[in-house]
Amino acid sequence: MSDPKKLFIKTYGCQMNVYDSERMAEALGGQGYVETQSAEDADMILLNTCHIREKAAEKVYSELGRFKGLKAAKPDLKIGVAGCVAQAEGEEIMRRQPLVDLVVGPQSYHRLPELEAKARAGEKALDTDFPEEDKFEKLKGRPKAKRGPTAFLTVQEGCDKFCAFCVVPYTRGAEVSRPADRILREANELVERGVREITLLGQNVNAYHGAGPNGDMTLAGLIWELDKIDGLERIRFTTSHPNDMTDDLIEAHGTCAKLMPYLHLPVQAGSDKILKRMNRSHTADSYLRLVERIRAARPDILMSGDFIVGFPEETEADFQATLDLVEEIRYGYAYSFKYSTRPGTPAAERAQVDPAEADDRLQRLQAVITRHQREIQDSMVGREVSVLFEKPGRLPGQMVGKSEYLHAVHVQAPGLSTGQIARVRIVASGPNSLAGEPV
Ligand code: 5AD
Ligand code: SF4
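Residues numbered from 1 in each chain as written. Chains lettered and ligands numbered in written order. Predicted model: local features only at pLDDT ≥ 70, side-chain atom pairs only at ≥ 80, totals over all residues. Heavy atoms only, no water.

- If you look the protein chain up in an unreviewed UniProt entry, it shows as tRNA-2-methylthio-N(6)-dimethylallyladenosine synthase from Ruegeria aquimaris.
- UniProt annotates the protein chain under Sequence similarities (unreviewed entry) with the comment "Belongs to the methylthiotransferase family. MiaB subfamily."
- Taken from UniProt, the Catalytic activity (unreviewed entry) comment for the protein chain reads in full: "N(6)-dimethylallyladenosine(37) in tRNA + (sulfur carrier)-SH + AH2 + 2 S-adenosyl-L-methionine = 2-methylsulfanyl-N(6)-dimethylallyladenosine(37) in tRNA + (sulfur carrier)-H + 5'-deoxyadenosine + L-methionine + A + S-adenosyl-L-homocysteine + 2 H(+)". (UniProt positions renumbered as here; feature names shortened; annotations may be inferred.)

What follows is the structure, encoded as structure tokens:
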């Protein structure tokens, strides 16, 4: 047998892309590829791109430019662009950068083997359609032999919300939920391979409504089905929209022991005027009341969120409303971004906030978020948490894992192993992680 061809995938952006990259590697495994960590070794380079924020396309072009020398040295090297930039600007990329042999949008990854063969034959291969077939069902390759105790599992893709700043409804398309039986089958396979924690993924994961045995199932229904899998110890999901936080899901946070007390629930802004212009269809007050209900069900839940500052027409008073909301919620983690224009989205046409002003707001918001994050992390000291160990730490005899609240925890103790869950008392809070001792 000839040597396996080597595949280098560079992944940008969200966890959905991380998951997709794994599936693409598996699909190309069937074509005789093994993964490599170095572009220099590769026979095929795939950039799995993200289009959500600033200068996505420019970054892709500059990354591609760096492969010029590699391709000159190895004419057989194939270069592909996948992900949301491929979806949005694939044809343009093919025109502008002759190095690119293959372009594939997120809905067409199951066609990757055909596209690869076409590229190998010296043709340009492009697929950015939104086909009817189920890409997940068709994306069956060789599962990776080695895996950690945590895994992502995509249950839903796309979005119908059309927030005025966001490209997702255009690049990932309309919302589609995978049927429950396929998700459960995949979850069982993961658990058989040693996975103990599954994070359900979707751009709008709590809008999940996949076909189940008795009609459509909600995300809570799916979580309760996963709850029955022996050996699966932890369930998480991301990303949720406030308007899809149904009663059964809130209740599950209070009653399902495997559902971790962590919720990523982006609000984006605290001013009702801005929320309206963002087309978010919730208010600051409805969000605050929603979080109150979630905390009533699960008092220790750690909230996480996303924010955009400098959205068109945001005034200082609007921004103050965002700071007020953050003070009220106190996020354990939050991601904040300066608004950046995405061509083709409604907000792109509107009057922009002065960039220096937006920078200043971003810094002020991040200062508050960082303070809360710090306080919440520090408040874990003295508490007992359960830690799922994911890998050895840097020191001998040390293991690193995650608590229920997704804090990284270092534990120095002999006999701990990857995949094990142990009760740990937190003894110190460092810059990016906690230190604990087994109880
Ligand atoms: N500008 C800045 N941030 C954005 N996000 C999405 N689109 C934009 C944009 N045009 C942020 C939102 C979203 C997160 C994934 O990225 O906060 O929740
Ligand atoms: Fe984008 Fe809004 Fe959909 Fe989230 S809910 S993916 S921000 S359009």
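Some thoughts on the overall build of the protein chain
Right, so step 1: Along the protein chain, the regular secondary structure elements total 14 helices and 21 strands.
Right, so step 2: Its C-alpha radius of gyration of 22 Å places the protein chain within 12% of the 22 Å reference for a compact globule of 439 residues.
Right, so step 3: With the principal axes as the frame, the protein chain shows a C-alpha extent of 60 × 60 × 50 Å.
Right, so step 4: For the protein chain, the residues scored as buried account for 54% of the 439 residues in total.
Right, so step 5: Taking all contacts inside the protein chain whose residues are at least 6 apart in sequence as the whole, residues at least 24 apart take part in 72%.
Right, so step 6: Across the protein chain, the 58 positively charged side chains and the 65 negatively charged ones have centroids separated by 4 Å. (Helix = DSSP H or I, 4+ residues; strand = E, 2+ residues; numbered from the N terminus. Rg over C-alpha atoms; globule rule 2.2 N^0.38 Å. Buried < 20%, exposed > 50% of the residue type's maximum accessible area, 1.4 Å probe, protein only. Contact = heavy atoms within 4.5 Å. Lys, Arg positive; Asp, Glu negative; His and termini not counted. Charge placed at Lys NZ, Arg CZ, Asp CG, Glu CD.)

Focus on the site of ligand 2
Right, so step 1: Lining the immediate environment of ligand 2, one finds Cys159, Lys161, Phe162, Cys163, Phe165, Cys166, Val168, Pro169, Asn204, His241 and Arg280.
Right, so step 2: Of the residues in the shell around ligand 2, the class split is seven nonpolar, two polar and two charged. (Near = heavy atom within 4 Å. Nonpolar A, V, L, I, M, F, W, Y, C, P; charged D, E, K, R; others polar.)

Overview of the sheet that holds strand β6 (residues 125-127)
Right, so step 1: Pairing is parallel across the open sheet formed by six strands, whose spatial order is β2-β1-β3-β4-β5-β6. Every other strand in the sheet has two partners, leaving β2 (33-35) and β6 as the edge strands with one partner each. Ignoring which end each strand starts from, the neighbouring axes of this sheet average 20° apart.
Right, so step 2: One ladder, built from five bridges, connects strand β3 (residues 44-49) with strand β4 (residues 78-82); its direction is parallel. The residue of β4 that forms the bridge with Leu46 is Gly80.
Right, so step 3: The strands touched by helix α4 (residues 83-96) are β3, β4, β5 (102-104) and β6; relative to β5, the strand with the most contacts, the crossing angle is about 140°. (Pairing = 2+ DSSP bridges. Axes fitted to C-alpha atoms, helices over the stretch in contact; angles between N-to-C directions.)

Describing the packing of aromatic side chains
Right, so step 1: Using the criterion set out here, one finds five aromatic pairs in the structure.
Right, so step 2: Seen in terms of ring centroids, Phe162 and Tyr170 are 5.5 Å apart; in terms of plane orientation they differ by 75°. Their pairing is edge-to-face.
Right, so step 3: Accessibility expressed as a relative area gives 35% for Phe162, which makes it partly exposed.
Right, so step 4: Centre to centre, the rings of Phe311 and Tyr339 are 5.4 Å apart; their planes meet at 75°, and the pair counts as edge-to-face. Taken together, the residues span a long stretch of sequence, with Phe311 in the loop between β15 (302-309) and α13 (316-329) and Tyr339 in the loop between β16 (333-338) and α14 (355-378) at a distance of 28 residues.
Right, so step 5: Judged by its relative accessible area of 8%, Tyr339 falls in the buried class.
Right, so step 6: Clustering of aromatic rings is evident, with ring pairs tying together Phe165, Phe311 and Tyr339.
Right, so step 7: One Lys or Arg, Arg23, reaches over the ring of Tyr19 and ends 4.4 Å from the middle of that ring.
Right, so step 8: Between the NZ or CZ atom of Arg96 and the centre of the ring of Tyr61, over which it lies, the distance is 3.6 Å. (Phe/Tyr/Trp six-rings, centres within 6.5 Å; stacked < 30°, edge-to-face > 60°. Lys NZ or Arg CZ within 6 Å of the ring centre and 35° of its normal.)

Regarding the site of ligand 1
Right, so step 1: Ligand 1 sits among Ile52, Arg53, Phe165, Gln268, Asp306, Ile308, Phe337, Lys338, Tyr339, Ser340 and Arg342.
Right, so step 2: Here Gln268 contributes a side-chain N or O atom positioned 2.6 Å from an oxygen atom of ligand 1.
Right, so step 3: Protein chains bury 88% of the 400 Å² of accessible surface belonging to ligand 1 in isolation.
Right, so step 4: At the level of elements, β15 and β16 are the ones that each hand at least two residues to the shell around ligand 1. (Polar contact = N/O pair within 3.5 Å; in protein donor to acceptor, adjacent residues only side chain to side chain. Areas by Shrake-Rupley, 256 points an atom, 1.4 Å probe, with all protein chains shown as cover.)

Overview of the sheet that holds strand β20 (residues 421-429)
Right, so step 1: Strand order in this closed barrel of five strands is β17-β18-β19-β21-β20, and the pairing throughout is mixed. Neighbouring strand axes in the sheet, compared pairwise and without regard to direction, differ in orientation by 50° on average.

Considerations on the UniProt feature "binding site: [4Fe-4S] cluster 1" (unreviewed entry) in the protein chain
Right, so step 1: With numbering aligned to this structure, UniProt lists the feature "binding site: [4Fe-4S] cluster 1" (unreviewed entry) at Cys14, Cys50 and Cys84. The named residues occupy 71 residues along the chain; their greatest pairwise C-alpha distance, 10.7 Å, places them in one compact cluster.
Right, so step 2: Among the secondary structure elements, Cys14 is positioned in the loop between β1 (5-11) and α1 (15-29).
Right, so step 3: Within the element layout of this structure, Cys50 appears in the loop between β3 and α2 (56-65).

Some details on unusual backbone geometry
Trans peptide bonds make up the majority, and among non-glycine residues the majority have a negative phi.
Right, so step 1: Of note, the bond from Thr238 into Thr239 is cis; its omega dihedral lies within 30 degrees of zero at 5°.
Right, so step 2: Examined against the element boundaries, Thr239 turns out to sit in the loop between β13 (234-238) and α10 (247-255).
Right, so step 3: Phi angles above zero are rare outside glycine, and Asn279 is one such case at about 60°.
Right, so step 4: Relative to the helices and strands, Asn279 resides in the loop between α11 (272-277) and α12 (284-297).

Things to note about the packing of α10 against α12
Right, so step 1: It is at 7 Å that the axes of α10 and α12 come closest, and there the two elements cross at 35°. Counting all contacts with α10, which are made through Asp247, Ile250 and Gly254, the residues of α12 involved are Leu290, Arg293, Ile294 and Ala297.

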